Amino acid sequence: RMREVDLGCGKALLIKESGEFHAVGHKCPHYGAPLVKGVLSKGRVRCPWHGACFNIGTGDIEDFPGLDSLPRFQVKIEKEKVYIRASKQALQTQRRTKMMAKCISLSNYNLSSTNVLIIGAGAAGLVCAETLRQEGFSDRIVMCTMDRHLPYDRPKLSKSMDSHPEQIALRPKEFFCTYDIEVLTEMQVAAVDVKSKIAVFKDGFKMEYNKLLIATGNMPKTLSCKGKEMENVFNIRTPEDANRVVKLATSKNVVIVGASFLGMEVAAYLTERAHSVSLVELEHVPFKKFFGERVGRAVMKMFENNRVKFYMQTEVSELREQEGKLKEVVLKSGKVLRADVCVVGVGAVPATGFLKQSGINIDSKGFIVVNKMMQTNIPGVFAAGDAVTFPLALRNNKKVNVPHWQMAHMHGRIAALNMLAHGTEISTVPYLWTAMFGKSIRYAGHGEGFDDVVIQGDLDELKFVAFYTKSDEVVAVASINYDPIVSKVAEVLAAGKTIRKQIPHGAVVFLSFRTGDMSWLTGKGS
């Protein structure tokens, strides 16, 4: 059982499991979700919103997103009463940064050599650097990024578009100085020589490394039609891009190309600000491949109710200008849309072109191939995040690409542990979310290739849970307004259990939900 208790100057989460009491911070350090509404399972609590997991004995973060752990408070039992002792500061901050090492004698280092080089400063790169320091690593760590900013909360670029870089920074500047994590901004690696262990930068600068992490993420695809280079046509790649789109879209006509997560989130965000929002998509419903047709239609209806106009089963044939600026978007269907701003969200490709001659194993789609320890085929070279394919335990170690925020965090952690020869394998359950018009869709698992969707609840009311199955077995789950069901399913899958559509004859180990009985997931049953 879990209970939120008020200690006067702040709250704590009191947990009783297997006859033992524990007390930790009551808010998830990621976005402040109330953990009492989460899922308690075998020594850890999972956040109801985005799936981060914390050890109830130590407060340590065990699955992501987010960087910080929970504060842990002292508990004692006297005469049938439970006493919690906590510092006021911990109760107020509700977060704890793990102890970290610093770099020994940094001044002795040659500028052009480092022990660990991390290419990319997203979630994977930052978590790798932090994990190394948490594990006592005291040698030099250098991160480099094409971005002009220190690591920031990239999902907010499309969910909260007018956020400034300092508002969405994952760590303040002082943090990097305190723990000797060097970040080279606006520095692009052009090639890697794995034999000499040297990274060559675009400006000619060379850096030697001992261990390398490649976490370069994705590059957005661009349109191939006439006028694609025009002013006011955007891929959302940086906070500046997002800010500029908001400014230009205010009281104007916006056309978004692609009903991707990015495209749909941008459409939702701009609806209240723009004069009109139109969305162009090749499929006949948004998210069909990811959420299935029925859920896609329900989401589409929500958007239409919020004045978003869809142009489906067509694509852009031309972007027209007037005085150098975008004026119209011409569709292959012949329709001409007025447009002052165009946002392109037609997918992405892995940013791995610079590795072509390196000898690092890259698949036909450009993804870096890694094993369960995030190692490439080259000793000492690791890769993580959106640019990799890795064996997913949940799907019988099938090699998959999971380009999501939580997974990038976990990749970075696993890579760091294996740079230190821990031999740790990845086994996390993918977890993601999207937010539109005040509604959050949560999703856990890996639904690629699903052949059926079982819906419980009401799609029209946007209060439902969808189970994605392949050959009778649940491979993923999505929900709106049904917390903490996705976190519950994630815990079931993380425990290695199988959920099936029907109970096979004579078997009792499988769980059935065809009957509509959800008690086993909603906490009313075991």
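Structural notes, computed from the coordinates. (Residues numbered from 1 in each chain as written. Predicted model: local features only at pLDDT ≥ 70, side-chain atom pairs only at ≥ 80, totals over all residues. Heavy atoms only, no water.)

Here's the deal with the sheet that holds strand S2 (residues 11–17)
Part 1 of the reasoning: With antiparallel pairing, the 5 strands of this open sheet are ordered in space as S1-S2-S3-S8-S9. At either margin of the open sheet sits one strand with a lone partner, and together these are strand S1 (2–6) and strand S9 (81–85). Between one strand and the next, the sheet's axes are offset by a mean angle of 30 degrees, whatever the strand orientation.
Part 2 of the reasoning: Both S1 and S2 contribute to a ladder of 5 bridges, which runs antiparallel. (Pairing = 2+ DSSP bridges. Helix = DSSP H or I, 4+ residues; strand = E, 2+ residues; numbered from the N terminus. Axes fitted to C-alpha atoms, helices over the stretch in contact; angles between N-to-C directions.)

Considerations on the side chain of Asn-418
Part 1 of the reasoning: Secondary-structure assignment places Asn-418 in helix H9 (residues 405–419).
Part 2 of the reasoning: Side-chain polar atoms of Asn-418 contact the backbone oxygen of Met-373, separated by 3.2 Å.
Part 3 of the reasoning: Excluding residues within four positions of it along the chain, Asn-418 makes contact with Met-373, Phe-382, Gly-423 and Thr-424. (Polar contact = N/O pair within 3.5 Å; in protein donor to acceptor, adjacent residues only side chain to side chain. Contact = heavy atoms within 4.5 Å.)

Points about helix H2 (residues 123–134)
Because an α-helix packs 3.6 residues into every turn, residues spaced three or four apart end up facing the same way.
Part 1 of the reasoning: Given a rise of 1.5 Å per residue, 12 residues ought to cover 16 Å, and the 16 Å separating the end C-alpha atoms of H2 matches this to within 8%.
Part 2 of the reasoning: When we look at burial in H2, the residues that qualify are Ala-123, Ala-124, Gly-125, Leu-126, Val-127, Cys-128, Ala-129, Glu-130, Thr-131, Leu-132 and Arg-133.
Part 3 of the reasoning: Those residues of H2 hidden inside the fold are in contact with strand S10 (116–119), strand S11 (141–144), helix H4 (173–178), strand S12 (181–184), strand S16 (211–214) and H9.
Part 4 of the reasoning: Of the residues flanking the end of H2, it is Gly-136, one or two places downstream, whose phi is positive at about 90 degrees. (Expected span 1.5 Å × (residues − 1). Buried < 20%, exposed > 50% of the residue type's maximum accessible area, 1.4 Å probe, protein only.)

What about the pattern of salt bridges?
Part 1 of the reasoning: Using the criterion set out here, one finds 22 salt bridges in the structure.
Part 2 of the reasoning: Where Asp-147 meets Arg-154, a salt bridge forms, and the shortest distance between an N and an O atom there is 3.4 Å.
Part 3 of the reasoning: On the basis of relative accessible area, Asp-147 is assigned to the buried category, the value being 12%.
Part 4 of the reasoning: The exposure class of Arg-154 is partly exposed, given its relative accessible area of 30%.
Part 5 of the reasoning: The partner of Glu-315 in a salt bridge is Lys-332, with the nearest N and O atoms 3.6 Å apart. Placement of Glu-315 in the loop between strand S21 (308–312) and strand S22 (316–322) and of Lys-332 in the loop between strand S23 (325–331) and strand S24 (336–338) is noted, with a sequence separation of 17 residues between them.
Part 6 of the reasoning: Residue Glu-315 is classed as partly exposed on the basis of its relative accessible area, which comes to 35%. (Salt bridge = Lys/Arg side-chain N within 4 Å of Asp/Glu carboxyl O.)

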